[in-house]
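Residues per chain, in single letters:
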Amino acid sequence: MILGLLAWVIPTQVVPYVRFGQAYAEAEQLLELEQYDLAHQSFAALGDYSDSVTMAQEALYRKAQTLRAEGKYQEAIAQFEALGNYNDSAALVEETHAEWLEADYQAARDLVDAGAYPAAAIAFEALGDYKDAAQWVVECQMLQREDDYAIALTAMAEGRYLDAVKFFEELRDYRDSADLAEQCRQLQRERDYAEAVAMLEAGDYAGAEEAFRSLGSFEDSQDLLLDARYHLGCQLLEQEKYAEAVEKLSLCGDYQNTDWNLKNAKMGYCRTHADRNDAKTLSYLKELKAAYFQGAKALYDEIF
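Residues numbered from 1 in each chain as written. Predicted model: local features only at pLDDT ≥ 70, side-chain atom pairs only at ≥ 80, totals over all residues. Heavy atoms only, no water.

Student: Is there a simple way to explain the packing of helix H7 (residues 133–157) against helix H8 (residues 161–171) in this structure?
Tutor: Packed helices, taken two at a time, are described by their axes: the angle between them and the distance between them. Orientation of H7 relative to H8, taken along the N-to-C sense of each, is 155 degrees, at an axis distance of 8 Å. On the basis of their axis angle, the class for H7 and H8 is roughly antiparallel. For the crossing formed where H7 meets H8, the hand is left-handed. Between H7, through Arg145, Asp148, Tyr149, Ile151, Ala152, Leu153, Ala155 and Met156, and H8, the contact on the second element is made entirely by Tyr161, Asp163, Ala164, Phe167, Phe168 and Leu171. Taken together, the residues that form the contact of H7 with H8 break down as 11 nonpolar, no polar and 3 charged. (Axes fitted to C-alpha atoms, helices over the stretch in contact; angles between N-to-C directions. Helix = DSSP H or I, 4+ residues; strand = E, 2+ residues; numbered from the N terminus. Parallel < 35°, antiparallel > 145°, perpendicular 65-115°, else oblique. Left-handed = near helix turned anticlockwise from the far one by under 90°. Contact = heavy atoms within 4.5 Å. Nonpolar A, V, L, I, M, F, W, Y, C, P; charged D, E, K, R; others polar.)

Given below as structure tokens:
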């Protein structure tokens, strides 16, 4: 009878107990190896064996501590919250949150030290009313504007006036930005004027015409525009580009010998134009014939 009882007890009571003990030891080993998720799963699988329920929570507790130490504050807080009242988890939620804020604050200060003011301002703004974060937002904005002002001054000193104007305009009313923007515009106009005069003197009449036109009423740009345009028209006439010459000289009024050159350009157009039956040829020849321009009547009679 005793042998029968032993035969029943050993497989049903002793063997499972030994197996649970082995599984518990393996779970402890996983915990020591910092395999917290696997340790938690192993202890949870043991149900109410020994202190497995508590050890399952301990695995998650240690995981939360590790996450906190690694600076993974959001994940750590979530883990501590999930643990409820286990150990000091509730208190560690608040401590971790405070540590998280301080870490973000110091990271924002590091951005300031690195001169990354826009990024620092965003970081401080995210901190809300933590410490003096709100004051640092304003400070970063001021520091960035001072940097931008220095960049604009450098562009101005290097003669990059259009870049400087852009920078100063973006600064709006910061310091004397508006006045410096206007100074840069004036300096750019002076440079463009000098370049336009140089083109005119070098015989680059097309380039000079465009440059003086862009200068508008700056100094005597309109007078020099007329001069460039007149010489361009004469140049086109010499090159036998009669249509273009007529176009330019027609804009020159009574400047110098415009009338004579314009008539020559129109006459050249009529002589060389492929389709002499067009309205423009007829118009030009009527005008030239009426002015008794040499050869106009003969060509008119020949064509019409």
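Student: When you look at the side chain of Arg68 in this model, what are you seeing that I'm missing?
Tutor: Summarising the element assignment, Arg68 is placed in helix H3 (residues 52–69). Looking at Arg68, its side chain comes within polar contact range of the side chain of Glu99, at 2.8 Å. Discounting residues that sit within four places of it in the chain, Arg68 has contacts with Tyr73, Ala76, Leu92, Glu95, Thr96 and Glu99. (Polar contact = N/O pair within 3.5 Å; in protein donor to acceptor, adjacent residues only side chain to side chain.)

Student: Would you take a moment to explain the packing of aromatic side chains for this structure?
Tutor: Two aromatic rings are characterised by how far apart their centres lie and by the angle between their planes. As enumerated under the stated definition, the model contains 15 aromatic pairs in all. Centre to centre, the rings of Phe124 and Trp136 are 5.5 Å apart; their planes meet at 10 degrees, and the pair counts as stacked. Here the residue Phe124 occupies a position in helix H6 (residues 117–126), and Trp136 occupies one in helix H7, the gap between them amounting to 12 residues. A single burial state applies to Phe124 and to Trp136, both of which are buried. Through a chain of ring-to-ring contacts, the aromatic side chains of Phe20, Tyr24, Phe43 and Tyr49 assemble into a single cluster. (Phe/Tyr/Trp six-rings, centres within 6.5 Å; stacked < 30°, edge-to-face > 60°. Buried < 20%, exposed > 50% of the residue type's maximum accessible area, 1.4 Å probe, protein only.)

Student: Just checking my understanding: could you explain unusual backbone geometry for this structure?
Tutor: A negative phi holds for most residues other than glycine; trans holds for most peptide bonds. Backbone geometry at Glu34 places phi at a positive 65 degrees, although glycine is not the residue there. Structurally, Glu34 can be placed in the loop between helix H1 (2–32) and helix H2 (36–45). You will see that Glu219, though not glycine, has its phi angle at about 45 degrees, which is positive. Residue position: Glu219 is located in the loop between helix H10 (205–215) and helix H11 (221–238). Overall, Glu219 belongs to the exposed group, its relative accessible area being 55%.

Student: I keep staring at H6 and nothing clicks. Help me out?
Tutor: In an α-helix there are 3.6 residues to a turn, and that puts residues three or four apart on one side. Inspection of H6 places Tyr117, Ala120, Ala121 and Phe124 among the buried residues, and these make up the whole buried set. The arc that holds every buried residue of H6, seen down its axis, measures 100 degrees, which confines them to one face. Facing away from the buried surface of H6 by more than 90 degrees, the exposed residues are Ile122 and Ala126. Where H6 is buried, its residues contact helix H5 (89–113) and H7. Immediately beyond the C-terminal end of H6, within one or two residues, lies Gly128, with a positive phi of roughly 60 degrees. (Arc of directions from axis to C-beta.)

Student: Explain H7 to me, please; I cannot follow it from the model alone.
Tutor: With 25 residues, H7 ought to run about 36 Å at 1.5 Å a step, and its terminal C-alpha atoms sit 36 Å apart, in line with that. Among all positions in H7, only Ala133, Trp136, Val137, Cys140, Tyr149, Ala152, Ala155 and Met156 are buried. Against H5, H6, H8 and helix H9 (177–202) lie the buried residues of H7. (Expected span 1.5 Å × (residues − 1).)

By themselves these figures say nothing about function.
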